[in-house]
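# Observations on the three-dimensional arrangement
What follows is each chain in one-letter form.
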Amino acid sequence: MDLKQLEYFVRVAELGSFTRAATALNVAQPALSRQVRLLEVELRQNLLVRNGRGANPTDAGKLLLDHGRGILHQVQRAKEELGRVRGALAGRVAIGLPTSVAKVLTVPLTREFRQRLPDASLSISEGLSASMLEGLLTGRLDLVVLYNATPSPDIELTPLVEEDLYLIQAPGTPVLPTGHTLREVSALPLVIPSRPNAIRMLVETELANIGCRPKIALEIDGVSAILDLVADGAGNAVLSRNAVRTSGHAGTLVVSPVHSPRLRTRLSVAVSAQRPTTLTQQAMLELIGQLAPRLLA
């Protein structure tokens with residue numbers, strides 16, 4: 001498989017158009033089309049559905065797109081590894097952050113990265129832990145910050161910080177000075193992410209330990225949407241204080257501690273155990289390790 005053909009296909013699939021891809025790659029459109037067609041012939045699969053509105057990947061094309069991104073990223077990593085021989089802190093680092101962490105960490109992390117690694121480039125993705133872990137294992141991401149990560153032979157974990165989770169309620173809810181027991185939380189309607197979200201799994205596990213089950217009002221995969229719904233009176237949430245602090249509802253939502261037992265979530269940074277880390281990635285690991293405890297604790 002020719003890497004140039006793979007790069008051309010990935011760009012067409014991402015942009016949804018041969019015309020836009022040709023412009024982005026600075027190549028003639030007929031040459032681009034020919035190379036993608038040669039790739040299809042080699043693989044004996046139609047990878048794109050061509051129509052008047054552009055080009056969309058087929059099922060086979062979607063599969064190759066996932067692999068292709070990882071392959072091209074690994075080629076770039078190999079070039080960076082060669083740069084490591086001469087001690088260069090350059091190349092690209094792709095990291096994944098949970099949304100609530102990204103709101104706190106993205107700006108200071110980017111600022112420090114530019115100061116310390118001026119010759120390197122940074123890519124930051126936000127998402128759920130499951131999708132980010134998949135990106136790490138396929139090579140699309142180099143480092144990911146995860147909630148309550150399970151140890152695995154495929155990844156290496158470095159603990160960052162532990163966060164308390166709080167009960168988040170609508171404005172005007174009476175405040176209990178002592179907070180709420182976990183058993184009391186089980187009786188409240190919750191707006192909570194769907195499984196296998198790390199916070200959802202933690203809440204269910206701790207409730208099961210005391211013989212309770214959560215009362216689910218809505219399943220919503222998105223911190224901002226959850227807080228909007230809580231503010232609108234749709235239910236209650238269990239989230240970190242940082243999630244509220246960085247939202248548009250800071251100062252209005254009622255935030256109460258949970259006890260008996262406390263709910264604590266663990267943040268770790270993960271890298272692949274199957275690939276060596278470059279000097280640039282090691283520098284980013286160190287940077288995250290310095291900033292996260294200070295900004296997220």
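Remember, predicted model here, so these are calculated numbers, not experimental data.

How each quantity is defined
- Residues numbered from 1 in each chain as written.
- Predicted model: local features only at pLDDT ≥ 70, side-chain atom pairs only at ≥ 80, totals over all residues.
- Heavy atoms only, no water.
- Helix = DSSP H or I, 4+ residues; strand = E, 2+ residues; numbered from the N terminus.
- Buried < 20%, exposed > 50% of the residue type's maximum accessible area, 1.4 Å probe, protein only.
- Contact = heavy atoms within 4.5 Å.
- Areas by Shrake-Rupley, 256 points an atom, 1.4 Å probe, with all protein chains shown as cover.
- Lys, Arg positive; Asp, Glu negative; His and termini not counted.
- Charge placed at Lys NZ, Arg CZ, Asp CG, Glu CD.
- UniProt positions renumbered as here; feature names shortened; annotations may be inferred.
- Salt bridge = Lys/Arg side-chain N within 4 Å of Asp/Glu carboxyl O.

## Observations regarding the overall build of the chain
Along its length, the chain carries 11 helices and 12 strands. A principal-axis box enclosing the C-alpha atoms of the chain has dimensions of 70 × 50 × 35 Å. Scored against the burial criterion, the 297 residues of the chain give a buried share of 44%. In the chain, 74% of the contacts between residues at least 6 apart in sequence involve partners at least 24 apart. Summed over all atoms, the accessible surface of the chain reaches about 14,800 Å², with 52% contributed by carbon and sulfur. Considering the chain, the positive charge centre built from 32 side chains and the negative charge centre built from 27 side chains are found 3 Å apart.

## Looking at the UniProt feature "domain: HTH lysR-type" (unreviewed entry) in the chain
As recorded in UniProt, the feature "domain: HTH lysR-type" (unreviewed entry) lies at residues 1-58. Overall, residues 1-58 shows 62% helix and 14% strand. The separation of its end C-alpha atoms is 19 Å.

## Remarks on the pattern of salt bridges
Under the counting rule described, the total for this entry stands at 11 salt bridges. When the shortest N-O distance is used, the salt bridge between R50 and E40 registers 3.0 Å. Of the two residues, R50 is situated in strand 1 (residues 48-51) and E40 in helix 3 (residues 29-43); the sequence distance between them amounts to 10 residues. With a shortest N-O distance of 3.0 Å, E162 and R264 are connected by a salt bridge.

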